[in-house]
Amino acid sequence: KRGKIYMRKEWRKRIRLPLAGILSLFFAFIMTSSAEAAQSVVYTSMTEGITTSSGDGTKENPYNKFEDAVKNVDDGGTIYILAGKSALLNDADSQNKPFVINKSVRILSDSDTQKATLNSRAAGIVLGADVTFENIEMNVTNKQYAQIFANGHSLTLKNVTRVPGTRLLHIVAGGLSLNESGLPDVGQSGRVTIQGKCEFGNIYAGSINDAFWGDSSIHIENITADSKLGNIYAGGADAAIVSGDWFGGEEPPAPQPNPQAYGVIGKLDVLLGGAPVMAVDGEGAQDGTEVVCKSEYARGYHSFLNVSKLTVQGELRPKQLTALAGKGLDLSVQSEGVLNLTDKGDLEINDFAGGGRLVLNTNAVMTVYGKVTGSTVFETEKYKGNNSYSGIVTENHVYIKTAPDSEGVFTFEPYPTQEKLQLKKQTDGGWKIVGQEESKPPVEPEALEAAPPAEL
């Protein structure tokens, strides 16, 4: 019996120790998991000196330095800047090279209604992963590389503006080539998305001081009317040469476009949805630049140069519209779209995909060398209003030249004083304005002989 009691006591001791170990491991796991979860969301706000590393990333004790927030947040995490306050990116050890964000993170204000400020002394920002900035006001003081580089990754800018009087940031879908090393590898798909209220300079689909090997996309939509943007360039650019005190008040020059030296070895697609962009220059994209206009650009201020395809979903009256030298242009006017080419005169294109409305100058000719598809309403510019009928046309004028066997059709509703005129396709493929008599099909002699006598 004593032996049995002893064995029981020993058994209890032995089982108690593993249980204690298991419980210790369990609580350690819980604490570790909580610590790891906490790092998926960090807070930053400058509360001490510009070189002081302090804080633990909680809202009550935020990281003093923005660099520490980037260093300690998890890949795929979120960095909150306290609204009404500001974070500081000092990056004093960079030797005037860009600050690198090598994690996929969201950087945003901790308030849905109030922006937070990011003060940056860094010479630009280069991404090594997909990054989003949202509800942020940028205060950039350094003249050198006053750009954000998507670096072949995805850069989303939503409701991002600048403090008045500070550097105007330019956006680069590609990367930055420097003599020094230390920058992350360039990805193969540079994607820039801009939404909400924004203020930036030019947007470059390529790289600065280098070619970009891959496709680029620049999507700008759901933009407020008071947003400000520069031009879109399909190629890369030479870095701006800056001089003087980098704290000086004068604005540094923008990178100079150089599509011949720094091209995009791929394709560029551009989406404009209400974007205040005055010009898109497609030179530099080896596989072409395709532009989609979703909103109204009807005033004739916007230029689309060296593009390979233009798709109109809203209303567009371009100031300039050209294809890249030696290559053709495709046009697509979707069902609700209006493409007004009144200012263009004669135009030669490759393919035409219809569905909306096409407006030409009274004496213009549009020649389509490729395919024609869909049904498109043809008209000249109206005098006023949104009448269903065309403006005045020129009788016996061929407005659209297509192949004789082209499939697409063009319809026409004449101006009330020209109600006897019609738009008819001729045997050579030309769409010509003719009178009703000319538009009647010829009557074959055999048909006359076979016709029954008229009743008296």
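Residues numbered from 1 in each chain as written. Predicted model: local features only at pLDDT ≥ 70, side-chain atom pairs only at ≥ 80, totals over all residues. Heavy atoms only, no water.

**Observations regarding the overall build of the protein**
What the protein contains, in helices and strands, is four helices and 37 strands. Relative to its 456 residues, the protein shows a buried fraction of 47%. Of the roughly 23000 Å² that the protein leaves accessible, carbon and sulfur atoms contribute 50%. (Helix = DSSP H or I, 4+ residues; strand = E, 2+ residues; numbered from the N terminus. Buried < 20%, exposed > 50% of the residue type's maximum accessible area, 1.4 Å probe, protein only. Areas by Shrake-Rupley, 256 points an atom, 1.4 Å probe, with all protein chains shown as cover.)

**Points about the layout of surface pockets**
Empty space among the atoms becomes visible once a probe the size of a water molecule is rolled across them. Here the second largest pocket defines a volume of roughly 240 Å³. For the second largest pocket, the lining is made up of 13 residues, of which Gly274, Glu296, Tyr297, Arg299 and His302 are closest to its centre. (1 Å grid on protein atoms, 1.4 Å probe; cavity = no way out; pocket = protein on both sides within 12 Å on 5 of 7 lines; lining within 4 Å. Points joined across faces, edges and corners; volume = space filled by probe spheres on them.)

**Quick notes on the sheet that holds strand β31 (residues 366–368)**
Taking strand neighbours across the sheet as the criterion, the five strands line up as β28-β31-β34-β37-β36 in an open arrangement whose pairing is mixed. For this open sheet the edge positions go to β28 (347–349) and β36 (421–425), each flanked by a neighbour on one side alone. On average, adjacent strands in this sheet sit at an angle of 25° to one another, irrespective of strand direction. Two strands pair when backbone bridges link them, and β31 and strand β34 (residues 398–401) are joined in this way by two bridges, in the parallel orientation. When the bridges of β34 are listed, Met366 appears paired with Ile400. (Pairing = 2+ DSSP bridges. Axes fitted to C-alpha atoms, helices over the stretch in contact; angles between N-to-C directions.)

**A closer look at the environment of Leu360**
Secondary-structure assignment places Leu360 in strand β30 (residues 357–360). Judged by its relative accessible area of 3%, Leu360 is buried. Along the chain, Leu360 and Val393 lie 33 residues apart, while their C-alpha atoms are 9.7 Å from each other. Apart from residues lying up to four places away in sequence, Leu360 is in contact with Leu341, Thr342, Met366, Phe378, Glu379, Thr380, Glu381, Tyr399 and Ile400. (Contact = heavy atoms within 4.5 Å.)

**Things to note about the sheet that holds strand β7 (residues 125–127)**
Adjacent strands of a sheet form backbone hydrogen bonds with each other and so pair up, either parallel or antiparallel. Taken in spatial order, the nine strands line up as β4-β7-β9-β11-β13-β15-β19-β22-β25 in an open sheet, and their pairing is parallel. Because the sheet does not close on itself, it has two edges, and the strands there are β4 (99–101) and β25 (320–321). Sheet topology places strand β9 (residues 147–149) next to strand β11 (residues 170–172); three bridges connect them, and they run parallel. Looking across to β11, one finds that Gln147 is bridged to His170.

**Details of the pairing of strand β26 (residues 330–333)**
As a general feature of sheets, a regular strand has side chains that alternate between the two faces. The sheet contact formed by strand β23 (residues 309–312) and β26 spans four bridges and is parallel. Note that in β26 the partner of Leu310 across the bridge is Leu331.

**Remarks on the nonpolar core**
Within the largest apolar cluster, 86 residues are counted, with the highest numbers of intra-cluster contacts made by Ile220, Leu272 and Leu331. Among the elements that make up this core, the one with the highest residue count is strand β8 (residues 131–140) (five residues). What Leu331 contacts, discounting residues up to four positions off in sequence, is Leu310, Leu321, Leu339, Leu341, Leu347, Ile349, Asp351, Phe352, Ala353 and Met366. If you look at the next biggest cluster of nonpolar residues, it comprises 11 residues, including Val126, Tyr145, Phe149 and Leu176. (Core = buried A, V, L, I, M, F, W, Y, C linked by side-chain atoms within 4.5 Å.)

**Let's talk about the packing of aromatic side chains**
Tallying each qualifying case throughout the model produces eight aromatic pairs. Summarising the aromatic geometry, the rings of Phe378 and Tyr399 are spaced 4.8 Å apart at their centres and angled 45° between planes, so their arrangement reads as tilted. Here Phe378 is found in strand β33 (residues 375–380), whereas its partner Tyr399 is found in strand β34, with 21 residues between them in sequence. Across the pair, exposure class does not vary: Phe378 and Tyr399 are buried alike. Taken together, Phe352, Phe410 and Trp431 form an aromatic cluster joined through their ring pairs. (Phe/Tyr/Trp six-rings, centres within 6.5 Å; stacked < 30°, edge-to-face > 60°.)

**As for unusual backbone geometry**
Unlike most non-glycine residues, Asn151 shows phi in positive territory, near 60°. By the element assignment, Asn151 lies in the loop between β9 and β10 (154–162). In this structure Asn151 comes out as buried when scored by relative accessible area, which is 2%. At Asn209, a position not held by glycine, the phi torsion is positive, near 70°. Tracing the sequence through the fold places Asn209 in the loop between β13 (203–204) and β14 (215–223).

**Let's talk about empty space enclosed by the protein**
Within this structure, the stated rule accounts for two cavities of 30 Å³ or more. Quantified by volume, the largest cavity comes out at close to 70 Å³. What lines the largest cavity is a set of 13 residues, among which Lys143, Ala146, Gln147, Ala240 and Pro253 lie closest to the centre. When the residues that make up the lining of the largest cavity are grouped by side-chain class, the tally is eight nonpolar, three polar and two charged. Approximately 50 Å³ is the volume found for the second largest cavity. (Nonpolar A, V, L, I, M, F, W, Y, C, P; charged D, E, K, R; others polar.)

**Considering the side chain of Glu379**
Its location among the elements puts Glu379 in strand β33. Ignoring any residue separated from it by four or fewer positions in sequence, one finds Glu379 in contact with Arg357, Leu358, Val359, Leu360, Tyr389 and Ser390.

**Considerations on the environment of Lys267**
Its location among the elements puts Lys267 in the loop between β17 (256–257) and β18 (268–273). Separated by 52 residues in the primary sequence, Lys267 and Asp215 place their C-alpha atoms 4.8 Å from one another. Among residues more than four places away in sequence, those in contact with Lys267 are Gly214, Asp215, Ser216, Asp287, Gly288 and Glu290.

**A look at the confidence of the model for the protein**
For the protein, per-residue confidence averages 87 on the pLDDT scale, and residues scoring 70 or more make up 84% of the total. Between residues 19–38, whose pLDDT stays under 50, and residues either more than four places distant or in other chains, the model counts one contact. (pLDDT = per-residue confidence, 0-100.)

**Observations concerning the pairing of strand β37 (residues 430–435)**
In terms of burial, β37 is largely enclosed, as six of its six residues are buried. Residues Gly430, Lys432 and Val434 of β37 are buried on one face, and the alternating residues Trp431, Ile433 and Gly435, pointing to the opposite face, are buried as well. Bridge count for β34 against β37 is three bridges, and the pairing is antiparallel. Of the residues in β37, the one forming a bridge with Ile400 is Trp431. Across five bridges, β36 lies against β37 in antiparallel orientation. Within β37, the residue paired with Leu423 across the bridge is Ile433. Once β36 ends, the chain turns through four residues before running back antiparallel as β37, passing Gly429 with a positive phi of about 95°.

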